Protein chains: 2
Amino acid sequence: MDAIDQSLLELLRGNARLSYAELARQVGLSAPAVHERVGKLEASGVVRGYRAEVSPEAIGLGVTALIGIVEDSGGDTDDVLEAFRAMPEIESCYFMAGVESFLLKARVGTIAELEQLIVRLNRTPGVASTRTAVALSTKWENRPQPVPAPPA
Amino acid sequence: MDAIDQSLLELLRGNARLSYAELARQVGLSAPAVHERVGKLEASGVVRGYRAEVSPEAIGLGVTALIGIVEDSGGDTDDVLEAFRAMPEIESCYFMAGVESFLLKARVGTIAELEQLIVRLNRTPGVASTRTAVALSTKWENRPQPVPAPPA
DNA sequence: GGCTCTGGTCGATCGCGTCCACGGCCTACA
DNA sequence: TGTAGGCCGTGGACGCGATCGACCAGAGCC
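Residues numbered from 1 in each chain as written. Chains lettered and ligands numbered in written order. Predicted model: local features only at pLDDT ≥ 70, side-chain atom pairs only at ≥ 80, totals over all residues. Heavy atoms only, no water.

- The name given to chain A in an unreviewed UniProt entry is AsnC family transcriptional regulator, with the source organism recorded as Micromonospora rosaria.

**Some remarks on the environment of V38(B)**
Residues and elements named next belong to chain B.
Then, number 1: Counting through the fold element by element, V38 comes out in helix 3 (residues 31–43).
Then, number 2: By relative accessible area, which is 1% here, V38 ends up buried.
Then, number 3: As for V38 and L8, which are separated by 30 residues in sequence, their C-alpha atoms are 7.6 Å apart.
Then, number 4: If we skip the residues at most four places from it in the chain, V38 touches L8, L12, Y20 and Y50. (Helix = DSSP H or I, 4+ residues; strand = E, 2+ residues; numbered from the N terminus. Buried < 20%, exposed > 50% of the residue type's maximum accessible area, 1.4 Å probe, protein only. Contact = heavy atoms within 4.5 Å.)

**Looking at the pairing of strand 3 (residues 90–96) of chain B**
Residue and element names in this part refer to chain B.
Then, number 1: Burial analysis of strand 3 places six of its seven residues in the buried class, the great majority of the element.
Then, number 2: Pairing analysis gives five bridges linking strand 3 to strand 4 (residues 102–108), with the strands arranged antiparallel. Residue pairing for strand 4: Y94 is matched across the bridge by L103.
Then, number 3: Hairpin connection between strand 3 and strand 4: a loop of five residues separates the two successive antiparallel strands, and G98 in this loop has a positive phi of roughly 120°. (Pairing = 2+ DSSP bridges.)

**Looking at the pattern of salt bridges**
Residue and element names in this part refer to chain A.
Then, number 1: Counted by the stated rule, this structure contains 28 salt bridges over all chains.
Then, number 2: Across the pair R107 and E141 runs a salt bridge, and its minimum N-O distance is 3.2 Å. Placement of R107 in strand 4 (residues 102–108) and of E141 in the segment after strand 5 (127–140) is noted, with a sequence separation of 34 residues between them. E141 shares its class with R107; the two are buried. (Salt bridge = Lys/Arg side-chain N within 4 Å of Asp/Glu carboxyl O.)

**Description of the relation of the copies chain B and chain A**
Then, number 1: Mapping chain B onto chain A leaves a residual RMSD of 0.1 Å; the transformation is a rotation of 180° accompanied by 0.0 Å of translation along its axis. This pairing of chains is accounted for by a two-fold axis.
Then, number 2: Same-surface contact between copies: 100% of interface residues of chain B are shared with the interface of chain A. (Least-squares fit on C-alpha atoms with pLDDT ≥ 70 in both.)

**With respect to helix 4 (residues 77–85) of chain B**
For an α-helix, 3.6 residues make a turn, and residues three or four places apart therefore share a direction.
Then, number 1: Every buried residue belonging to helix 4 of chain B is among V80(B), L81(B) and F84(B), and all of these are buried. An end-on view of helix 4 of chain B places all buried positions within 100° of arc, on one side of the element.
Then, number 2: For helix 4 of chain B, the elements touching its buried residues are strand 5 of chain A together with strand 2 (63–71), strand 3, strand 4, helix 5 (111–123) and strand 5 (127–140) of chain B. (Arc of directions from axis to C-beta.)

**Focus: the packing of aromatic side chains**
Residue and element names in this part refer to chain A.
Then, number 1: Evaluation of the coordinates by the stated rule reveals four aromatic pairs over all chains.
Then, number 2: Between F84 and F102, the aromatic rings sit 5.3 Å apart at their centres with planes inclined by 85°, giving edge-to-face as the arrangement. Here F84, found in helix 4 (residues 77–85), pairs with F102, found in strand 4; they are 18 residues apart in sequence, far enough to count as distant. Here F84 and F102 have matching classes, each one buried. (Phe/Tyr/Trp six-rings, centres within 6.5 Å; stacked < 30°, edge-to-face > 60°.)

**Side note on the interface of chain B and chain A**
Then, number 1: Each side of the interface is counted separately: chain B has 64 residues, and chain A has 64 residues.
Then, number 2: For the pair chain B and chain A, the summed buried surface comes to about 6,300 Å²; carbon and sulfur atoms form 54% of the total.
Then, number 3: Per-residue buried area on chain B facing chain A is highest for R17(B), R51(B) and W140(B); these three make up 14% of the total on that side.
Then, number 4: At the boundary of chain B and chain A, one finds six salt bridges.
Then, number 5: Residues E53(B) and R51(A) are paired through a salt bridge, measuring 3.2 Å at the closest nitrogen-oxygen approach.
Then, number 6: One can count 52 residue pairs in polar contact (both at pLDDT 80 or more) joining chain B with chain A.
Then, number 7: For the side of chain B that touches chain A, the secondary structure elements donating two or more residues are helix 1 (3–14), strand 1 (47–54), strand 2, helix 4, strand 3, strand 4 and strand 5 of chain B.
Then, number 8: Of all the elements, strand 5 of chain B adds the most residues to the side of chain B that touches chain A, at nine residues.
Then, number 9: When grouped by side-chain class, the residues that make up the side of chain B that touches chain A number 37 nonpolar, twelve polar and 15 charged.
Then, number 10: Direction of pairing for strand 5 of chain A relative to strand 3 of chain B: antiparallel, over a ladder of four bridges. (Buried area = accessible area lost by both parts, 1.4 Å probe. Polar contact = N/O pair within 3.5 Å; in protein donor to acceptor, adjacent residues only side chain to side chain. Nonpolar A, V, L, I, M, F, W, Y, C, P; charged D, E, K, R; others polar.)

Shown next, in the form of structure tokens:
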């Protein structure tokens, strides 16, 4: 993971569909060399995948909510997790320090759907209570920050 | 935005580096047809871009925190936003309903850096108070949910 | 000093991206 | 109902890119 790898990551975070030839020009190597480097970054898990970023509103998911979950003292955390995983509306799931064990980011089409989701969450075994905050607007999201000095 | 467009979005959300030829095979059209459809999806803003997803730990950003911000009654929201925007650690910024006007997702390398970030946030004009919760682990993040029925 | 491993370039081949001309279907309208 | 026009697709052509193999330079190690 040297400076060239960092440049490649930076470039691919900006536009994942850049050709190897274009990447090669940008970093001053040959295309096969870039191909090999990127392959190693993928194989080592540094690059997890390449995703098209779709505007949520455009596909009818205009409502974003952040939901804190307090767990039942008797519940099994893994079961709760499984239940969350089965709900496709839950885009992100963090296990947190604090009273609320989980923080979920959910995306639905309407407030009515959000209501149904919250009801389902509250009914989930192991969930003691939920606290929902809805996002009025998303100022930005998943902004890539510059790759800092490598850990190695 | 018909069923084929939805398939294309689904495919590209799974792997943004698929070739047009491959996409064409998957949806049963010719490559130029797919090229044109994807071009229109990009032009209309449905597809915002293509991003490589990089493992945060691999680039030395092992600490994720969610930070709620209570605004000063006298502060200017736009100024606060500008200040947040200038902090690269803040990956996402939502404007929320509720006492806390903003919810930030921040990513830093160490707890010490998180401390410095919180100090900077509290010093920011317009910020009355902050509430930080750190993520112990990320169960999943930005999981693409199936494209539902189109709004049209 | 020579061996080997790593990581690069170069060249060749094959497939892909992309442009263009053409054609079929659907609709609007007389 | 016949017809014109627009939309959206296909097929062909051509140049570029992906990718493989062969080869080479430098570092580290015996």
